[in-house]
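What follows is the residue order along each chain.
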2 protein chains.
Amino acid sequence: MQKFYVIGIGPGAPEEMTIRAKQALAEADIIAGYGTYIDLVKPLFPDKEYLQNGMTGEIKRCQLALEKAKEGKTVAMVSSGDSGIYGMAGLVLELAQGMEIDVETVPGITAAASGASLLGAPLMHDFAVISLSDRLTEWDLIVKRLNNAAEADFIIVLYNPRSKGRPDHIDRAREIFLQYKSASTPVGIVKNIGRTGETVILTTLGEMNIEDVDMFSTVFIGNRQTYIKDGKMITPRGYLEKKGNHQ
Amino acid sequence: MQKFYVIGIGPGAPEEMTIRAKQALAEADIIAGYGTYIDLVKPLFPDKEYLQNGMTGEIKRCQLALEKAKEGKTVAMVSSGDSGIYGMAGLVLELAQGMEIDVETVPGITAAASGASLLGAPLMHDFAVISLSDRLTEWDLIVKRLNNAAEADFIIVLYNPRSKGRPDHIDRAREIFLQYKSASTPVGIVKNIGRTGETVILTTLGEMNIEDVDMFSTVFIGNRQTYIKDGKMITPRGYLEKKGNHQ
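Summarised in this report is the structure supplied together with it. The residue numbers shown here count from 1 along each chain, following its written sequence. The order in which chains are written sets their letters, starting at A; the order in which ligands are written sets their numbers, starting at 1. Two thresholds apply to this predicted model, a pLDDT of at least 70 for residue-level local features and 80 or more for giving and counting side-chain atom pairs, whereas whole-chain, interface and lining totals are computed over all residues. To get the side-chain values, all heavy atoms of the structure are used, and hydrogens and water are removed first.

Describing the overall build of chain A
- When you go through chain A residue by residue, the secondary structure sums to 8 helices and 13 strands.
- Projected onto the principal axes, the alpha-carbon positions of chain A cover approximately 60 × 45 × 35 Å.
- Within chain A, the proportion of its 247 residues that are buried is 61%.
- In chain A, the share of contacts with a sequence separation of at least 24, taken over all contacts with a separation of at least 6, comes to 69%.
- Approximately 9,300 Å² of chain A is accessible, and the part contributed by carbon and sulfur atoms is 46%.
- Treating the 27 positive side-chain charges of chain A as one cloud and the 31 negative ones as another, the clouds have centres 2 Å apart. To qualify as a helix, a DSSP run of H or I must reach at least 4 residues; to qualify as a strand, a run of E must reach at least 2; elements of each kind are numbered from the N terminus. Between buried and exposed lies partly exposed: a residue is buried under 20% and exposed over 50% of the maximum accessible area for its type, with that area taken using a 1.4 Å probe on protein chains only. The contact rule is simple, with two residues in contact once any of their heavy atoms fall within 4.5 Å. A 1.4 Å probe and the Shrake-Rupley method give the accessible areas. Residues count as covered only by the protein chains that appear here. Positive residues here are Lys and Arg, negative ones are Asp and Glu, while His and the chain termini are left out of the count. We put the charge of a Lys on NZ, of an Arg on CZ, of an Asp on CG and of a Glu on CD.

Digging into the interface of chain A and chain B
- Counting residues at the interface gives 75 residues for chain A, matched by 75 residues for chain B.
- Both faces considered, chain A and chain B share a buried interface measuring about 7,000 Å² in area, 59% of it formed by carbon and sulfur atoms.
- Three residues, Leu136, Arg145 and Tyr239 of chain A, lead the burial of chain A against chain B; their summed loss comes to 11% of the area buried on that side.
- Any Lys or Arg side-chain nitrogen located within 4 Å of an Asp or Glu carboxyl oxygen qualifies as a salt bridge. Here chain A is connected to chain B by 8 salt bridges. Here the quantity called buried area is the total loss of accessible area, with a 1.4 Å probe, experienced by two parts when brought into contact, counted for both.

Quick word on the sheet that holds strand β6 (residues 120–121) of chain A
All names here are of chain A.
- Each pair of strands is called paired provided DSSP finds at least two bridges between the two strands. Taken together, the 3 strands give an open sheet; going across it, the order is β6-β13-β12, and neighbouring strands pair in mixed fashion. With one partner strand each, in any of the chains shown, β6 and β12 (227–229) form the two edges of the open sheet.
- In this sheet, strand β13 (residues 232–234) lies alongside β6 in parallel orientation, the contact comprising 2 bridges. Following the sheet pairing, alanine 121 is matched in β13 by isoleucine 234.

Details of the pattern of salt bridges
- Scanning all chains against the criterion turns up 30 salt bridges over all chains.
- In this structure, glutamate 151 of chain A engages lysine 144 of chain B in a salt bridge whose closest nitrogen and oxygen atoms are separated by 3.0 Å. One end of the pair, glutamate 151 of chain A, is in helix α6 (residues 139–151); the other, lysine 144 of chain B, is in helix α6 (residues 139–151), on a second chain.
- Measuring nitrogen to oxygen at the nearest pair gives 3.4 Å for the salt bridge that ties arginine 162 of chain B to glutamate 211 of chain B. On the criterion of sequence distance, the pair formed by arginine 162 of chain B in the loop between β8 (155–159) and α7 (169–177) and glutamate 211 of chain B in the loop between β10 (199–204) and β11 (217–221) is long-range, its members being 49 residues apart.
- Classification of arginine 162 of chain B by relative accessible area gives buried; the value is 14%.
- When salt bridges with common partners are traced through the structure, they connect Lys3, Arg20, Asp102 and Glu104 of chain A together with Glu16 of chain B into a single cluster.

A closer look at the sheet that holds strand β13 (residues 232–234) of chain B
- One open sheet accounts for 3 strands, arranged β6-β13-β12 (chain B); its pairing is mixed. With partners counted over all chains shown, the strands left at the sheet margins are β6 (120–121) and β12 (227–229) of chain B, one partner each.

So, the packing of α6 of chain A against α6 of chain B
- Two numbers describe how α6 of chain A lies on α6 of chain B: the axes approach to 9 Å, and their chain directions differ by 180 degrees. Judged by the inter-axis angle, α6 of chain A sits roughly antiparallel to α6 of chain B. Within the contact between the two elements, α6 of chain A uses Lys144, Asn148 and Glu151 of chain A and α6 of chain B uses Lys144, Asn148 and Glu151 of chain B.
- Just so you know the grouping, Ala, Val, Leu, Ile, Met, Phe, Trp, Tyr, Cys and Pro go in nonpolar, Asp, Glu, Lys and Arg go in charged, and all remaining residues, Gly too, go in polar. Residue classes in the contact of α6 of chain A with α6 of chain B are distributed as no nonpolar, 2 polar and 4 charged. A fitted line through C-alpha atoms represents every axis, and for helices the fit uses only the stretch in contact; the resulting angles, taken between N-to-C directions, go from 0 to 180 degrees. To sort the angles, those under 35 degrees are grouped as roughly parallel, those over 145 as roughly antiparallel, those from 65 to 115 as roughly perpendicular, and the leftovers as oblique.

This is the structure:
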């Protein structure tokens, strides 16, 4: 069966990709994806055939790529982060149903993981990942998830926190969090991870400036144990508290 | 300042590691970690100095490794998955406070991502990651999180779902989920990801056999949209439903 790779390349820098992702790209005849992601890969494989289109043309992009696979080409569809987390893996698998194509998803480092590594160690405990984009999800359901996650003291990671079309979602999320979490709860904002303009901001729920958040940001809200020290946002796993019992 | 790497090597197979993780390992004088993880890395770097100890000796292991760094050695502490997600990054950062050591966390592919790629595309929407281990978290708080996540229709990923010391946690979680999710909700169980004995089981909340779950498993519970078709567990992102508006 014709192989079709759906590859997450991680935050952007080539060395953040897995060895398996690089091998799959090398194997591909055609590399497909949104232009920004193609630009990250092209310097590594300048001689490949490329297939790209705009941000909201997801269905068309997948259909064109699958057509190429049906013609016998090995296609690699790339996206940043992990293609299996809010990525293209689902749409490709749905559109490939009934075709004789073997879709293989190659995971990458998602923004929750790459952002956490820049902030310190915020994800040492249970966490919820929530997208604030209501393009494909009802806002009421997003609100329900924000409430439930905050009430159960999850660490919360917000994807797509802000854009021109929804400038105030991040502020509405913050208002919800403040019903359950104290204003001193640590917040980490990470922008342009692994790319030009990489920025890390440490603040609190009470003091965060929503103007610091844009569509290239990922926002981390701590749980009750999270603290900031020496420029690092840390949620203790609990080993030191249990030291007497478990060392 | 002396560099100290905390490296997530991903699910286990060497090619699942990022290029940056491999570079950091190559740079290290000493590689430290729990024995099972050391065994995954040793074949790649047979001539390094290794520092290993048992599973529950986390504090001791970090202290010994930090001592080596203070002596001027470049140390790489390895763990499977992502060291920033329920990993060693937090403890290392806490123990390194006040030392002149530059701790750098190198993220890896966590089980939520590697497991999802084997199952299909279950994580196309908001999800919650919850550990069922009560070694470092009160069981009541875990129960609260299971309830809140299920009620808000998160996809749920369970880490540490079952062990000898807590054989029934997974069944108690299932009982909680059944209060909010239908018995036909898809469930994916992934075992020994990237290693000998890799197993993928697709079932439902109503029919899952808890004997299929062990301490090397990660369990995925779908949301209301998740379905299983042609051996793949898929949560539609929603592009096809919105096709008329956004193509």
